[in-house]
Amino acid sequence: MPDGVNLSRRSLFRGRLTSNEPRVQLPWSVAWSDFAADCTRCGGCLTACPEQILVKGDGGFPSVDFLRGECTFCGECVAACKVPIFRPTTEAPWQYIAHIEANCLAHGQVFCQRCQDSCEPRAIRFSPVLGRVPTPSIDAAACTGCGACVMDCPVGSIRVGAPAGEESR
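Since the structure is predicted, the reported quantities are computational estimates derived from the model, not experimental observations. (Residues numbered from 1 in each chain as written. Predicted model: local features only at pLDDT ≥ 70, side-chain atom pairs only at ≥ 80, totals over all residues. Heavy atoms only, no water.)

Caption draft 1: View of the side chain of Q25. Within the fold, Q25 resides in the loop between α1 (7-13) and α2 (32-38). For Q25, a relative accessible area of 3% gives the class buried. At a separation of 3.0 Å, a polar atom in the side chain of Q25 contacts the main-chain carbonyl oxygen of V30. (Helix = DSSP H or I, 4+ residues; strand = E, 2+ residues; numbered from the N terminus. Buried < 20%, exposed > 50% of the residue type's maximum accessible area, 1.4 Å probe, protein only. Polar contact = N/O pair within 3.5 Å; in protein donor to acceptor, adjacent residues only side chain to side chain.)

Caption draft 2: Geometry of unusual backbone geometry. Positive phi, close to 65 degrees, is recorded for W28, a residue that is not glycine. Structurally, the position occupied by W28 is in the loop between α1 and α2.

Caption draft 3: View of the nonpolar core. The biggest cluster of nonpolar side chains holds 39 residues, and the ones touching the most others in it are L54, V64 and F66. Where this core is concerned, the elements lending two or more residues are α2, α3 (44-48), α4 (76-80), β3 (97-100), β4 (124-129), α6 (148-152) and β6 (158-161). In terms of residues, this core owes the most to one element, α2, which gives three residues. Residue contacts for V64: discarding those within four places in its chain leaves V24, Q25, L26, I53, L54 and W94. (Core = buried A, V, L, I, M, F, W, Y, C linked by side-chain atoms within 4.5 Å. Contact = heavy atoms within 4.5 Å.)

Take a look at the structure:
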C-alpha cells in the first residue's frame, strides 16, 4: 500500500480485526482491494466533487457521505483522479440501491413521504392500504442509488448499499 499504511493494523488498534470496506464506494471505482492498493489518497476527487459528498474515510481513502447530499453521477471524481482506479464512465456507476429500514415513520403509522418526494427517478413508491398509513417500497430496477432520499429522511431510516443478497458489486 502507498505510504506504508497497513489498514489491518490500524483496525486492530481501533478494536476491529479486519479493515472495513466502505458500504458505498465511489462511482465507477474498481473493486475495493484494487482501489485501496492503488489510491494515493491525494484528495483530488474530494475537491472535484461539486456536490461535496465525498469525504476522507477510514485510512484517508475517499468515501461517500449521503448525509451531505446526493450523487449526480457527474464523473468529476473520475476525471480528477490521476491513477487508473476507475472503470469507464460509459458503464453503470454502481449497482447500489436504497434500502428502507424498520424504523421508517410510515412503518410506525406516521405519515411521511419525504423520500418519495426527493427521488427523481421515482423509485420509491408508497402503496395505500385501507385504514393504514401508506408504506414505502423500492423499485430496484429504477433506483440509481444516488442517495437523495438518505439526506431527506427525518429519522435516518434509509441507507444505500448492495442489493439484497449481494455481498459486493
